Amino acid sequence: MKNRLRVLRAEREWSQAALADRLEVSRQTVNAVETGKYDPSLPLAFKIARLFDQRIEDIFDPGE
Amino acid sequence: MDETRRIGGWWQHVWSHSATPTDRRNKLRFLAWVFAWMAAFLLVTWILRSDSPPTGATAWLLALAPNVLGIIAALSYVRFLRDADELVRRIQLEGLAIGFGIGAVFGIGYQLAERAGAPEIATGDVVAVMAIAWGLGQLVAAWRYR
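Keep in mind it's a predicted model, so treat the numbers as computed, not measured.

**As for helix H3 (residues 27-34) of chain A**
All names here are of chain A.
Then comes step 1: Burial of H3 is extensive: 7 of the 8 residues sit out of reach of the surface.
Then comes step 2: The complete set of buried residues in H3 reads Arg27, Gln28, Thr29, Val30, Asn31, Ala32 and Val33.
Then comes step 3: Gly36 lies just past H3 and shows a positive phi near 80 degrees.

**So, the packing of helix H2 (residues 16-23) of chain A against H3 of chain A**
All names here are of chain A.
Then comes step 1: Here H2 crosses H3 at 105 degrees, and the two axes come no closer than 8 Å. Overall, the two elements H2 and H3 adopt an arrangement that is roughly perpendicular. Note on element contacts: H3 touches H2 through Arg27, Thr29, Val30 and Asn31, opposite Gln16, Ala17, Leu19 and Ala20.
Then comes step 2: Among the residues forming the contact of H2 with H3, the class breakdown is 4 nonpolar, 3 polar and 1 charged.

**Let's talk about the environment of Asp58 of chain A**
Then comes step 1: Within the secondary structure layout, Asp58 of chain A lies in helix H5 (residues 56-59).
Then comes step 2: You can call Asp58 of chain A partly exposed: it has 13 C-beta atoms within 10 Å.

**As for helix H4 (residues 86-115) of chain B**
Residue and element names in this part refer to chain B.
Then comes step 1: Its 30 residues give H4 an end-to-end C-alpha distance of 44 Å, which sits within 8% of 44 Å, the value for a rise of 1.5 Å per residue.
Then comes step 2: Within H4 the residues assigned to the buried category are Leu87, Val88, Ile91, Gln92, Gly95, Ile98 and Gly99.
Then comes step 3: Backbone geometry just downstream of H4 places Gly117 in the positive-phi region, at approximately 120 degrees.

**Structural notes on unusual backbone geometry**
Residues and elements named next belong to chain A.
Then comes step 1: In this structure, Glu13 takes a positive phi of about 55 degrees despite not being glycine.
Then comes step 2: Judged by the 7 C-beta atoms lying within 10 Å of it, Glu13 falls in the exposed class.
Then comes step 3: The phi angle at Glu24 is positive, at roughly 60 degrees, despite the residue not being glycine.
Then comes step 4: Here Glu24 is to be found in the loop between H2 and H3.
Then comes step 5: C-beta crowding within 10 Å serves as the criterion here: with 12 such atoms nearby, Glu24 is assigned to the exposed category.

**Quick notes on the confidence of the model for chain B**
Caution applies to low-pLDDT parts of the model: their predicted coordinates are not meant to be read in detail.
Residue and element names in this part refer to chain B.
Then comes step 1: Scored by pLDDT, chain B has a mean of 89; 87% of the residues are at 70 or more.
Then comes step 2: In the model of chain B, helix H1 (residues 3-16) stands out as the element of lowest mean pLDDT, 58, in contrast to helix H3 (residues 56-83), which has the highest, 95.
Then comes step 3: Here the predicted complex carries an ipTM of 0.87, next to a pTM of 0.81.

The rules behind the values
- Residues numbered from 1 in each chain as written.
- Chains lettered and ligands numbered in written order.
- Predicted model: local features only at pLDDT ≥ 70, side-chain atom pairs only at ≥ 80, totals over all residues.
- Buried ≥ 20, exposed ≤ 12 C-beta atoms within 10 Å, placed from the backbone.
- Helix = DSSP H or I, 4+ residues; strand = E, 2+ residues; numbered from the N terminus.
- Axes fitted to C-alpha atoms, helices over the stretch in contact; angles between N-to-C directions.
- Parallel < 35°, antiparallel > 145°, perpendicular 65-115°, else oblique.
- Contact = placed C-beta atoms within 7 Å.
- Nonpolar A, V, L, I, M, F, W, Y, C, P; charged D, E, K, R; others polar.
- Expected span 1.5 Å × (residues − 1).
- pLDDT = per-residue confidence, 0-100.

Structure below.
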């Protein structure tokens, strides 16, 4: 699944580790989500959306 | 992302199983119980194989005692999984699937091989293969999500 996480993070000049701290996940999880290797759980997707004050569908694109 | 950084991320996965403090704490707790279990197993094995081993109820109690530590270790692993970072949980799940799969195929397959003439092995050997495959499975899964 494609997503805009890397772009949103870069806009705020956060490192992956800083974002991981805010989301209470590992840096590897942030990296795996950004690179599309791992699709986050629904609770994590909601957390990401809340953090960036956006809707889930504005961040994640299932590409259908 | 360059390859060095990718390998670095994978290596961090392997050794720290990701970086959340909760994961590190729970993993250390699990490993501590596993080491205690193994130490108790070796100690009891040494006692039961000694020149004058205990007999009767004492021998049975000694033989069963390490299992208590084994159960505690298993419960601490469950706790580690429940509290784990979600990617760590995924990696563990894939590692367990690979470990159990290889262990089951090896255990069942070797029964047939024994009938065909292969040397007999102990149940503990199958468990060892399963544990090694579990570890390798974690490496493979961590590599996949590096």
